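Here are the chains, one letter per residue:
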Amino acid sequence: MNRLTTARHVSLLLVVLALVGCREAAATATPARSTAAPSLSAANTMPTESASATTTPSTTPAAPATGTATPPPMTPSPPPSATASPPPTATATPDPNTWMTVEGLRKRAYGREGAIERVETIETIDAFTRSLIRYPSDGLMIGGFMNVPTGEGPFPVIIVNHGYMPPDRYQTLTYTTKYADALARAGYLVLHPNFRNHVGSDHGPNSFRVGYAMDVLNLIELAKKLPEAQPDAIGLWGHSMGGGISLRVLTVTDQVRAAVVYSSMSADEADNYRAIMRWSGGAAGRDGSLPAPPDDADLYARVSPINALAFITAPIAIHHGEQDDQVPFEWSVRLRAALEAAGKPVEFYAYPHQGHNFSGAGYDLLMERTIAFFDTYLKGTPPPK
């Protein structure tokens, strides 16, 4: 064998030995970590909080791999904690109009705090003494005047509710002073409030003139505390707007024994809205009294005294001039019919030749009938037949 052949054999032998060494090394080497995404098999789940730091390998042989990974068994969710907050429940949105409805007014309390304060004596005559007053009404202070008859009381009380005048032109001793004075001369303690938003009074809400009614409702209760007042003999007298205020008050309280309404606004607020629109030339609500037109039928039904006459407990006397060119005479005719249908005691007087404010013989007859009516129900002295 020559040298060339021998060298080839040696080289071949070295190659064979190298291949054998590589194969043995591959058999004993640690497999490399795979970079593939982990399987969803149970072997890849995280240990629970109760597992020890060193995990003992399972002696159960692993299931053979298949083409679709077997998901781990479902673990039931833990029951909700006893302190977990319940889901929120729906709550009704408060009705912002409730305060002005007859129902809302009937749920309120009146005159619980404060008293009628005599600010100043402004006039003393043989028949009575007149004083400026003020009193609390739902967080406001309301001004006005009071006539106390001369002599020994206690006296029955009449609250005189004035008609509409522009609040910026109103004065305490306004046109209704003559009616208050006539009643005081007849032996009645008279309270004449300047409603909220008028001179001497604070400003406050007054939608549908409900604020004015609240001022009267508070005054009724406070009047009972006056030492000169007979607390179980309280009457209301109201002209025009004041008549409408009186009607609302009568549907709320049973503390009034008798009421007179004279040339009164309607007990139906839809009537009043249309009339005020006409009087104001379409610029209604200058005193903040009309928050919405009568298209809102539900609201108008809930705020109108005509729909709550069943709550009235006092007898009512209605006086209206047939020539009234401001407040329709027919409104009082309809009110009379509605009161009679509700079984309420009512007296009705029509004055053929009188307008919105009575004068002359019409005024004299109005006051004669008014005093006789109050004498019957507040003094218990019916007029002679």
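Note that the coordinates shown come from a computational prediction; the quantities given were computed from them, not determined experimentally. (Residues numbered from 1 in each chain as written. Predicted model: local features only at pLDDT ≥ 70, side-chain atom pairs only at ≥ 80, totals over all residues. Heavy atoms only, no water.)

### Considerations on the overall build of the protein chain
Next up, step 1: When helices and strands are counted, the protein chain shows nine helices and nine strands.
Next up, step 2: Within the protein chain, buried positions represent 41% of all 385 residues.
Next up, step 3: Taking as baseline every contact in the protein chain between residues at least 6 positions apart, the subset at least 24 positions apart corresponds to 70%.
Next up, step 4: Of the accessible surface of the protein chain, which amounts to about 21600 Å², a share of 57% is contributed by carbon and sulfur atoms. (Helix = DSSP H or I, 4+ residues; strand = E, 2+ residues; numbered from the N terminus. Buried < 20%, exposed > 50% of the residue type's maximum accessible area, 1.4 Å probe, protein only. Contact = heavy atoms within 4.5 Å. Areas by Shrake-Rupley, 256 points an atom, 1.4 Å probe, with all protein chains shown as cover.)

### Regarding helix 9 (residues 360-379)
Next up, step 1: If you check helix 9, its first and last C-alpha atoms are 27 Å apart, about what 20 residues at 1.5 Å a residue would give, namely 28 Å.
Next up, step 2: Burial in helix 9 covers these residues: G362, Y363, L366, M367, T370, F373, F374, D375 and L378.
Next up, step 3: G380, located one to two residues past helix 9, shows a positive phi value of around 75°. (Expected span 1.5 Å × (residues − 1).)

### Observations regarding the pattern of salt bridges
Next up, step 1: Taken as a whole and judged by the stated rule, the model has 15 salt bridges.
Next up, step 2: The salt bridge partner of D138 is R108, with a shortest N-O separation of 1.9 Å. Within this pair, whereas D138 is found in the loop between strand 2 (128-137) and strand 3 (140-149), its partner R108 is found in the loop between helix 2 (102-106) and strand 1 (117-124), the two being separated by 30 residues in sequence.
Next up, step 3: A relative accessible area of 38% means that D138 is categorised as partly exposed.
Next up, step 4: Accessibility expressed as a relative area gives 31% for R108, which makes it partly exposed. (Salt bridge = Lys/Arg side-chain N within 4 Å of Asp/Glu carboxyl O.)

### Details of the sheet that holds strand 7 (residues 258-262)
Next up, step 1: The sheet built from nine strands is open, its strands ordered 1-2-3-5-4-6-7-8-9 with mixed pairing. What marks the edges here is a single partner per strand, and that holds for strand 1 and strand 9 (346-351). Pairwise comparison of adjacent strand axes, ignoring direction, gives a mean angle of 20° for this sheet.
Next up, step 2: Of the pairings in the sheet, the one linking strand 6 (residues 229-239) to strand 7 comprises five bridges and is parallel in character. (Pairing = 2+ DSSP bridges. Axes fitted to C-alpha atoms, helices over the stretch in contact; angles between N-to-C directions.)

### A look at the nonpolar core
Side chains of nonpolar character tend, in soluble globular proteins, to be buried together.
Next up, step 1: In terms of nonpolar packing, the biggest core is built from 62 residues, with L189, L191 and L236 touching the most fellow members.
Next up, step 2: The greatest single-element share of this core, amounting to 10 residues, is contributed by helix 4 (residues 210-223).
Next up, step 3: For L191, the residues in contact, after removing those within four places along its chain, are I116, I133, F145, M146, V157, I158, I159, V160, L219, A223 and L226.
Next up, step 4: Grouped together as the second largest cluster of nonpolar side chains are 25 residues, L183, A233, A258 and F374 included. (Core = buried A, V, L, I, M, F, W, Y, C linked by side-chain atoms within 4.5 Å.)

### A few points about the side chain of D181
Next up, step 1: Inspection of the secondary structure assignment puts D181 in helix 3 (residues 177-185).
Next up, step 2: For D181, the residues in contact, after removing those within four places along its chain, are F128, R130 and N147.

### Some words on the environment of G343
Next up, step 1: Along the chain, the position of G343 falls in the loop between helix 8 (329-341) and strand 9.
Next up, step 2: G343 sits in the exposed class, given a relative accessible area of 59%.
Next up, step 3: A sequence separation of 33 residues divides G343 from A310, and the C-alpha atoms of the two residues are 8.3 Å apart.

### Points about the packing of helix 4 against helix 5 (residues 241-252)
Next up, step 1: Remark: helix 4 packs on helix 5, axes separated minimally by 9 Å, with the N-to-C direction vectors making an angle of 60°. It follows from the interaxial angle that helix 4 and helix 5 lie oblique. Crossing hand, helix 4 versus helix 5: right-handed. Along its contact with helix 4, which presents V210, Y212, A213, V216, L217 and I220, the element helix 5 presents M241, I245, R248, V249 and V252.
Next up, step 2: A class-by-class count of the residues in the contact of helix 4 with helix 5 yields 10 nonpolar, no polar and one charged. (Parallel < 35°, antiparallel > 145°, perpendicular 65-115°, else oblique. Left-handed = near helix turned anticlockwise from the far one by under 90°. Nonpolar A, V, L, I, M, F, W, Y, C, P; charged D, E, K, R; others polar.)

### What about the pairing of strand 4 (residues 155-161)?
Next up, step 1: Of all seven residues making up strand 4, seven are buried, and the element is well covered by its neighbours.
Next up, step 2: Pairing between strand 4 and strand 6: six bridges, direction parallel. Looking at strand 6, one finds that F155 is bridged to A229.
Next up, step 3: Pairing between strand 4 and strand 5 (residues 189-194): three bridges, direction parallel. Within strand 5, the residue paired with I158 across the bridge is V190.
Next up, step 4: For the crossover that starts at strand 4, traverses helix 3 and ends in the parallel strand 5, the hand is right-handed. (Right-handed = clockwise from strand over helix to strand, strands pointing away.)

### Looking at the packing of aromatic side chains
Next up, step 1: Tallied over the full model, the rule gives 13 aromatic pairs.
Next up, step 2: By way of ring pairs, the aromatic residues Y179, W237, Y262, Y351, F358 and Y363 are connected into one cluster.
Next up, step 3: The positively charged end of R106 is found above the aromatic ring belonging to F311, 3.8 Å away from the centroid.
Next up, step 4: Positioned over the ring face of Y363 is K178, at 4.7 Å from the centre of the ring. (Phe/Tyr/Trp six-rings, centres within 6.5 Å; stacked < 30°, edge-to-face > 60°. Lys NZ or Arg CZ within 6 Å of the ring centre and 35° of its normal.)

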